[in-house]
Amino acid sequence: MSRVPRPAARILLLDEADRVLLFRFDPDDRPPFWCTPGGAVDPGESYEAAARRELREETGLELDCGPQVLQRHVEFLTIEGVEVSADERYFRVRAPHDAVDTSGHTALEQRVMTRFHWFTRAELAAATEPYFPEDLPAILDALEGSE
């Protein structure tokens, strides 16, 4: 079975204290995990437009996401049970505050994205549940010097 191509925009959302926002997913078919905000690019949509839309839908923040800072290719099983080959583009965004509005979540997101947390680097290092991308601290460290 071949994997479905999935272009996606992901957000590395940092607050004023340099904490990164992750959402906890509680799927029915696997253990819980944490992930950055973001999602699939809609047909005809640019990665940049998708990043802005996903940021607004998942956090309530209406911000410019700036340029792409990272591109990755990963394969995984989506929450909907689809095997995908994802072309993920990452955007680093500074939040003006740590308030998050999840009222824009879809019905599926409301069901599986059970909570969110602003993680410090120390909390990421001590995390007992998986998070994605798995090398998030290294990514944040590498991007820190380019601000």
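A quick note: this is a predicted structure, and the numbers were derived from the prediction, not measured.

> Let's hear about the state of the cysteines: which residues, and what values?
With the rule as written, the count across this model stands at zero disulfides. In this model Cys65 remains outside any disulfide bridge; the closest cysteine sulfur is found in Cys35, 15 Å from its own. Residue classification places Cys65 among the buried residues on the basis of a relative accessible area of 4%.

> Can you lay out helix α1 (residues 47–59) for me, pointing to particular residues and giving the numbers?
Think of an α-helix as 3.6 residues a turn; residues three or four steps apart then line up on the same face. Spanning 13 residues, α1 covers 18 Å between terminal C-alpha atoms, matching the ideal 18 Å at 1.5 Å per step. Among all positions of α1, only Tyr47, Ala50, Ala51, Arg53, Glu54, Leu55, Glu58 and Thr59 are buried. Positive backbone phi, approximately 80 degrees, marks Gly60, located one or two places after α1.

> Please set out the layout of surface pockets residue by residue, giving values where relevant.
The calculated volume of the largest pocket comes to roughly 830 Å³. Around the largest pocket, the lining is made up of 34 residues, and of these Arg6, Arg10, Phe25, Cys35 and Phe76 lie nearest the centre. At the level of secondary structure, the elements contributing two or more residues to the lining of the largest pocket comprise β1 (4–14), β3 (33–35), β4 (38–40), α1, β5 (68–77), β6 (83–94) and α2 (107–112). Take the lining of the largest pocket: its biggest share by element is five residues, from β5. The residue makeup of the lining of the largest pocket, split by class, is 14 nonpolar, five polar and 15 charged.

Rules of the game
- Residues numbered from 1 in each chain as written.
- Predicted model: local features only at pLDDT ≥ 70, side-chain atom pairs only at ≥ 80, totals over all residues.
- Heavy atoms only, no water.
- Disulfide = S-S within 2.5 Å.
- Buried < 20%, exposed > 50% of the residue type's maximum accessible area, 1.4 Å probe, protein only.
- Helix = DSSP H or I, 4+ residues; strand = E, 2+ residues; numbered from the N terminus.
- Expected span 1.5 Å × (residues − 1).
- 1 Å grid on protein atoms, 1.4 Å probe; cavity = no way out; pocket = protein on both sides within 12 Å on 5 of 7 lines; lining within 4 Å.
- Points joined across faces, edges and corners; volume = space filled by probe spheres on them.
- Nonpolar A, V, L, I, M, F, W, Y, C, P; charged D, E, K, R; others polar.

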